[in-house]
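Below are the chains, spelled out letter by letter.
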Amino acid sequence: MEANRSLNGIQQLLDAEQEAQHIVNAARNAKMARLRQAKEEAEKEIAEYRARVEYEFQKKVAESSGDSGENVKRLEIETGAKINHLKNEAARISHDVVRMLLKNVTTVRN
């Protein structure tokens, strides 16, 4: 009877060890599944963040490019106005300058 009881006790210990191993394996599998899920969620968040940052960057580039286009137009207008002003001033005083040059060139000094 005692041998039977001791075999019964050993069998219970083996069953308990096997059950414990199943519990540990299930916990390990659950942990791995949760880690995979967390990794996927993190990758998704990173992709969304990258897309948002890239969108903001492209938006700022487009805005600054638009500004430079406007600056170019403004500078062209200002440059054209300055050129016209210089042409008008040159036309206005060119007769006087030519007269002064001719006077200095044709005058003989002793």
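Residues numbered from 1 in each chain as written. Predicted model: local features only at pLDDT ≥ 70, side-chain atom pairs only at ≥ 80, totals over all residues. Heavy atoms only, no water.

Attention shifts here to the overall build of the protein chain. Scanning the protein chain from N- to C-terminus turns up one helix and zero strands. For the protein chain, the exposed surface amounts to about 10600 Å²; the carbon and sulfur share of it is 58%. Separation between the mean location of the 19 positive side-chain charges and that of the 18 negative ones in the protein chain comes to 14 Å. (Helix = DSSP H or I, 4+ residues; strand = E, 2+ residues; numbered from the N terminus. Areas by Shrake-Rupley, 256 points an atom, 1.4 Å probe, with all protein chains shown as cover. Lys, Arg positive; Asp, Glu negative; His and termini not counted. Charge placed at Lys NZ, Arg CZ, Asp CG, Glu CD.)

To continue, consider the UniProt feature "coiled-coil region" (unreviewed entry) in the protein chain. Within this numbering scheme, the UniProt entry marks residues 25-59 as carrying the feature "coiled-coil region" (unreviewed entry). Secondary structure within residues 25-59 divides into 100% helix and 0% strand; the distance between the first and last C-alpha atoms comes to 51 Å. (UniProt positions renumbered as here; feature names shortened; annotations may be inferred.)

Together, Ile93, Val97, Met100 and Leu101 line one region of the surface with nonpolar side chains, adding up to about 340 Å² of accessible area. For isoleucine 93, the location among the structural elements is in helix H1 (residues 2-106). According to the relative accessible area criterion, isoleucine 93 is partly exposed, its value standing at 36%. (Patch = residues over 30% accessible without salt bridge, like charges linked within 9 Å, V, L, I, M, F, W, Y side chains within 5 Å. Salt bridge = Lys/Arg side-chain N within 4 Å of Asp/Glu carboxyl O. Buried < 20%, exposed > 50% of the residue type's maximum accessible area, 1.4 Å probe, protein only.)

A few words now on the pattern of salt bridges. Evaluation of the coordinates by the stated rule reveals three salt bridges. Arginine 74 is the salt-bridge partner of glutamate 78, the closest N and O atoms lying 3.1 Å from each other. With glutamate 78 and arginine 74 both in helix H1 and four residues apart, the pair spans about one turn of that helix. Ionic pairing is found between arginine 99 and aspartate 96, a salt bridge with its closest N-O pair at 3.1 Å.

On the surface, Glu40, Glu41, Glu43, Glu45 and Glu48 cluster together into a negatively charged patch. On the secondary structure map, glutamate 40 appears in helix H1.

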